[in-house]
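Coordinates in review
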Amino acid sequence: MLVSLKNGQLAKLNFIYCQKTKTHELLLKILWNEGFILGYKVCFNKLKIFLKYKNNKPVINSLKIISKPNFKINFSTKQIWKVNPNKTFLILSTNKGLKSLFDCKKLKIGGNVFISVN
């Protein structure tokens, strides 16, 4: 899904389709709440994602998958406070599901760094 988002933004598409899963929906909900996409809609067994542009430039410049099965980066609650949210937007995989960096600070929980969005 992340590659589809990235390629759709580069091709300047208005929307893209991806497979519907719980993880995809949680990720899209976070991206929508933070203003990276216009929204998404459930169509049958697929998700229709509406991409967002500002002055004909994509809002999402880069998406990087940080944690992989063989390489995981864990942040404790103390390490989360050291990250500057103005430079990068992080999505963490916590024991309470996928959360943004801001939500993790509010809930005082740590987790695996899942995705970095610029």
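Up top you'll find the structure we're talking about.
Residues numbered from 1 in each chain as written. Predicted model: local features only at pLDDT ≥ 70, side-chain atom pairs only at ≥ 80, totals over all residues. Heavy atoms only, no water.

1. Re the overall build of the protein
Definition in use: A helix here means a DSSP run of H or I that spans at least four residues, while a strand means a run of E at least two residues long, and both kinds are numbered starting from the N terminus. Only the C-alpha atoms count toward the radius of gyration. The rule for a globule is 2.2 Å times the residue count to the power 0.38. Think of it in three bands: residues with accessible area under 20% of the maximum for their type are buried, residues over 50% are exposed, and the middle band is partly exposed, with areas taken using a 1.4 Å probe on protein chains only. Any two residues whose heavy atoms approach within 4.5 Å are treated as being in contact.
Check the secondary structure of the protein and you find four helices and 10 strands. For the protein, the succession of helices and strands along the chain, N to C, is α-β-α-β-β-β-β-β-β-α-β-β-α-β. Whereas a compact globule of 118 residues would reach a radius of gyration of roughly 13 Å, the protein reaches 14 Å, a difference of no more than 12%. Here the C-alpha coordinates of the protein stretch approximately 40 × 30 × 30 Å along the principal axes. By the burial criterion, 36% of the 118 residues in the protein qualify as buried. Restricting the contact set of the protein to residue pairs at least 6 apart, pairs at least 24 apart contribute 58%.

2. Regarding the side chain of S116
Checked against the element boundaries, S116 lands in strand 10 (residues 111-117). Taking relative accessible area as the criterion, S116 reaches 7% and is therefore assigned buried. Beyond its immediate sequence surroundings of up to four residues, S116 is in contact with S62, L63, K64, I66, T88, F89 and L90.

3. A short note on the layout of surface pockets
Selection criterion: Here a cavity is any set of points on a 1 Å grid over the protein atoms alone where a 1.4 Å probe fits but cannot get out, and a pocket is any open set with protein on both sides within 12 Å along at least 5 of 7 lines; a residue lines the site when it has an atom within 4 Å of a point. Grid points are joined across faces, edges and corners, and a volume is the space filled by probe spheres set on the points. Residues are sorted three ways: Asp, Glu, Lys and Arg are charged, Ala, Val, Leu, Ile, Met, Phe, Trp, Tyr, Cys and Pro are nonpolar, and all the rest, Gly among them, are polar.
Counted as a void, the largest pocket has a volume near 160 Å³. Lining the largest pocket, in full, are L26, K29, I30, N33, E34, K96, G97, L98, K99, S100 and D103. Within the residue set of the lining of the largest pocket, elements represented by two or more residues are helix 2 (22-33) and strand 9 (97-100). Tallied by class, the residues present in the lining of the largest pocket amount to three nonpolar, three polar and five charged.

4. As for the sheet that holds strand 1 (residues 15-19)
Here is the rule we go by: Here the rule is simple: two strands pair whenever DSSP picks up at least two bridges between them. To get an axis, fit a line to the C-alpha atoms, keeping to the stretch in contact for a helix; angles then go from 0 to 180 degrees between the N-to-C directions.
A sheet is described by the order of its strands in space; here three strands give the open sequence 1-3-2, paired in antiparallel fashion. Two strands in the sheet have a free side with no partner beyond their single neighbour: strand 1 and strand 2 (37-43). Averaged over all neighbouring strand pairs, the angle between strand axes comes to 25°, with direction disregarded. Sheet analysis places strand 1 next to strand 3 (residues 46-51), joined by five bridges and oriented antiparallel. Opposite Q19, over in strand 3, you have K46 as the bridge partner. Against the sheet, helix 1 (residues 2-10) touches strand 1, strand 2 and strand 3, its axis set at about 40° to strand 3. Sitting on the sheet, helix 2 touches strand 1, strand 2 and strand 3, and the angle it makes with strand 2 is about 150°.

5. Concerning the pairing of strand 9
With four bridges connecting them, strand 8 (residues 89-94) and strand 9 associate as antiparallel partners. Along strand 9, the bridge assignment pairs T94 with G97. Taking the residues between adjacent antiparallel strands as the criterion, strand 8 and strand 9 are bridged by two residues.

In short, geometric facts, not functional conclusions.
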